[in-house]
Amino acid sequence: MPVGTLASVKGIPQGWLEELGVQILLGNTYHLYLRPGVDQIRTLGGLHRFMAWPRPILTDSGGFQVFSLNDLRKVSEEGVTFRSHLDGSPHFFSPESAMGAQIGLGADIIMAFDECTEYPADVGRLRESMELTLRWAERSKRYFEDHKHEVPWAGDSKLATRNSSQALFGIVQGGMDRALRQQSAERTIEIGFPGYALGGLSVGEPRALTREIVAATLEHLPADQPRYLMGVGTPEEIVEYAGMGVDMMDCVLPTRAARHGLLFTSQGKISIKQAQYAGDQGPLDPACGCPVCSRYSRAYLRHLYASGEILAQVLNTLHNLAFYLDTMRSVRHSIELGIRPRMLSEVWSRPKS
């Protein structure tokens, strides 16, 4: 899922996203809550109509963003008090208010409110955080069941372009402790959700440990329901995790890296800012059929970036998104053929020299 934090994938119009074959976008509850505000988006018909995106949307609960505020937050049983990164104003998120915000935004898939545990943390801290997340999951589901009819399109045939109700996913926590991950998975399943996310990963732990915990957690999640790994990853990682049984992933990497001149290709990662590409008339990736690779040279892309042209960020982002989407299409094709996805080589994990 490309990340559209502020109801926008930076630099890429929605029509281009449709042409690339994007099936679903991710929006950020924390940021949209602060600006332009949930009530404003609800009044304008919900997130789909507001951002002119007719396809599915998933919103996170805001828990990870609040977690990242560090000194600007305070966690209690009731929820999290935090200060806006925009102006320092005080705010409060609870499982109930996070559900209310996501219902008001009107995304197709919404997430239970959870606490993302820091890394490293001792087992006592991990258990305490996991138990809190489980209690919040119960509260999230209870509020959702009582208020799910309050979506922006309810009762308005002109807005009823979405399904009649949203899908609320639970989030498995437990840090880097395998036993706690198993317990969190089993107890979250007992609460009952149509899909399950693996949260609390990609928070600074070694990549090998991430893979270990993902594999250990997947063993305890139902294979016939969506399994969503949050915040992952590189092209190599998403192929690996799909092969392990993960169904959904999101990451800011393809868009963020593009804005810094880092591009993913079938020949490895390319830093287009490097002077070696100044006279390179070849396409960015000869094996890619995206609009960027079929039209522009590496020399031109390097010139745009070196000149600080906005078009550089747009074209870089367009290519990286196309590359990720092509990667996932190859994964799906492999699954249809009944073979393990193996389209990536280790060259993708190291910079191009």
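Numbering of residues starts from 1 in each chain and follows the order in which that chain's sequence is written. Local features in a predicted model are, by the rule used here, given only for residues with pLDDT of at least 70; side-chain atom pairs are given and counted only at 80 or more, and totals for whole chains, interfaces and linings are based on all residues. Values shown for side chains rest on all heavy atoms present in the structure; no hydrogens or waters enter the calculation.

Student: Would you mind going over the sheet that holds strand β10 (residues 248-249) in detail, with residue names and values included?
Tutor: The seven strands are arranged β1-β2-β6-β7-β8-β9-β10 in an open sheet whose pairing can be described as parallel. Each end of this open sheet is capped by a strand with a single partner; those strands are β1 (25-27) and β10. In this scheme, strands are said to pair when DSSP sees at least two bridges between them. Under the scheme used here, helices are H or I runs from DSSP no shorter than 4 residues and strands are E runs no shorter than 2 residues, and both carry numbers assigned from the N terminus. Two strands pair when backbone bridges link them, and strand β2 (residues 57-59) and strand β6 (residues 109-111) are joined in this way by two bridges, in the parallel orientation. Counterpart to Leu 58 in the pairing with β6 is Ile 109.

Student: I'd like a description of the pairing of strand β4 (residues 80-83), backed by residues and values.
Tutor: Looking along a regular strand, one sees the side chains alternate between the two faces of the sheet. Throughout, exposure labels follow a simple rule: accessible area from a 1.4 Å probe, protein chains only, divided by the maximum for the residue type, with under 20% read as buried, over 50% as exposed, and the rest as partly exposed. Burial of β4 is one-sided: the residues Val 80 and Phe 82 facing one way are buried, the residues Thr 81 and Arg 83 facing the other way are not. Sheet topology note: the β4/strand β5 (residues 90-93) ladder contains four bridges and is antiparallel. Across the sheet, residue Thr 81 finds its bridge partner in β5, namely Phe 92. Counted between consecutive antiparallel strands, the loop separating β4 from β5 contains six residues, among which Gly 88 sits at a positive phi close to 80°.

Student: How would you sum up empty space enclosed by the protein? Please name residues and give values.
Tutor: Cavities and pockets were defined on a 1 Å grid built over protein atoms only: a cavity is a set of grid points that admits a 1.4 Å probe from which the probe cannot escape, a pocket is an open set flanked by protein on both sides within 12 Å along at least five of seven lines, and lining residues are those with an atom within 4 Å of any such point. Grid points are joined across faces, edges and corners, and a volume is the space filled by probe spheres set on the points. Per the stated rule, a full pass over the model turns up two cavities of 30 Å³ or more. Considering only enclosed or pocket space, the largest cavity measures out at about 80 Å³ in volume. Contributing to the lining of the largest cavity are Gly 63, Val 66, Phe 67, Arg 73, Val 75, Val 80, Phe 113, Asp 114, Glu 115, Cys 116 and Trp 136. At three residues, the largest contribution of residues to the lining of the largest cavity is made by helix α5 (residues 63-68). As a working rule, the residues Ala, Val, Leu, Ile, Met, Phe, Trp, Tyr, Cys and Pro are called nonpolar, Asp, Glu, Lys and Arg charged, and the rest polar, with Gly in that last group. Tallied by class, the residues present in the lining of the largest cavity amount to seven nonpolar, one polar and three charged.

Student: Describe the nonpolar core, listing the residues and the values that go with them.
Tutor: Buried Ala, Val, Leu, Ile, Met, Phe, Trp, Tyr and Cys residues that are joined via side-chain atoms within 4.5 Å together make up what is termed a nonpolar core. Judged by nonpolar contacts, the single largest core of 89 residues is most densely connected at Leu 17, Val 214, Leu 229 and Met 249. Tallying contributions element by element places helix α13 (residues 310-337) first for this core, with eleven residues. Setting aside residues up to four positions removed in sequence, Leu 229 forms contacts with Leu 198, Leu 201, Val 214, Tyr 241, Val 246, Met 248, Met 249 and Asp 250. What makes two residues a contact is simply this: any of their non-hydrogen atoms within 4.5 Å.

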